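# Residue-level structural notes
So the chains spell out like this:
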Amino acid sequence: QVQLMESGGGLVQAGGSLRLSCVASGSIFKINAMGWYRQAPGKQRELVASITIGGSTNYLDSVKGRFTISRDNAKNRVFLQMTSLKPEDTAVYYCNADAIPSFGFSRQNYWGQGTQVTVSS
């Protein structure tokens, strides 16, 4: 199976920056798309940014121009650089990967346990 571990969350003032990291480990044959989701209290989980194995990216409209997703395919890592943070960015951020755990297995969706990002005003 594939395990995802996030790091880099924390408390930051509005206008500040944070960099989230996620590493995939375990039995990994191939990782396709990777992404970051977030869930604020009382709200549904939403896709913040995603990146394909070829590097194509997609962003939530409200974070365009402020957040940048990147990945290191050789090290099975994905990053989310967050700048100009706003209080409304406060949420638990989850790493997500669309991966094939072993040759011959079907692709599956994996989630990390989440990291808290809190932006104070």
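Residues numbered from 1 in each chain as written. Predicted model: local features only at pLDDT ≥ 70, side-chain atom pairs only at ≥ 80, totals over all residues. Heavy atoms only, no water.

## Details of the sheet that holds strand 7 (residues 67-72)
Hydrogen bonds between backbone atoms are what pair the strands of a sheet, whose relative direction is either parallel or antiparallel. Spatial ordering of the open sheet is given by 1-3-8-7, a layout of four strands whose pairing is antiparallel. Both outer strands of the open sheet, strand 1 (2-7) and strand 7, are each paired with one neighbouring strand and no more. Direction aside, the axes of adjacent strands within the sheet are offset by 15° on average. The pairing of strand 1 with strand 3 (residues 18-26) spans six bridges and is classified as antiparallel. Of the residues in strand 3, the one forming a bridge with Val 2 is Gly 26. (Pairing = 2+ DSSP bridges. Helix = DSSP H or I, 4+ residues; strand = E, 2+ residues; numbered from the N terminus. Axes fitted to C-alpha atoms, helices over the stretch in contact; angles between N-to-C directions.)

## Re the state of the cysteines
Evaluated as defined, the whole model comprises one disulfide. What pairs with Cys 22 in a disulfide is Cys 95, and their sulfur atoms sit 2.1 Å apart. Linking Cys 22 and Cys 95, the disulfide has an S-S dihedral of approximately -80° and is accordingly described as left-handed. In this pair, Cys 22 is assigned in strand 3 and Cys 95 in strand 9 (residues 91-100), connecting sequence segments 73 residues apart. The burial state of Cys 22 is the same as that of Cys 95; both residues are buried. (Disulfide = S-S within 2.5 Å. Buried < 20%, exposed > 50% of the residue type's maximum accessible area, 1.4 Å probe, protein only.)

## Concerning the nonpolar core
Residues Trp 36, Leu 80, Met 82 and Tyr 93 are the most contacted members of the largest nonpolar core, which totals 30 residues. Looking at this core, the elements with two or more residues in it are strand 1, strand 3, strand 4 (30-39), strand 5 (46-51), strand 7, strand 8 (77-82), strand 9 and strand 11 (115-120). In this structure Tyr 93 touches Glu 6, Leu 20, Trp 36, Tyr 37, Arg 38, Val 48, Phe 67, Leu 80, Met 82, Gly 114, Thr 115 and Val 117, once residues within four positions along its chain are discounted. (Core = buried A, V, L, I, M, F, W, Y, C linked by side-chain atoms within 4.5 Å. Contact = heavy atoms within 4.5 Å.)

## Description of the pairing of strand 11
Only one face of strand 11 is covered, namely the one carrying Thr 115, Val 117 and Val 119; the face carrying Gln 116, Thr 118 and Ser 120 has none of its residues buried. With four bridges joining them, strand 2 (residues 10-13) and strand 11 adopt parallel strand pairing. From the neighbouring strand, Val 12 faces strand 11, where its bridge partner is Val 119.

## Things to note about the side chain of Asn 96
Structurally, Asn 96 can be placed in strand 9. Here the side chain of Asn 96 touches Asn 109 through a polar contact of 3.1 Å, side chain to side chain. Asn 96 has contacts with Leu 4, Ala 33, Met 34, Gly 35, Tyr 37, Asn 109, Tyr 110 and Trp 111, leaving out every residue within four places of it along the chain. (Polar contact = N/O pair within 3.5 Å; in protein donor to acceptor, adjacent residues only side chain to side chain.)

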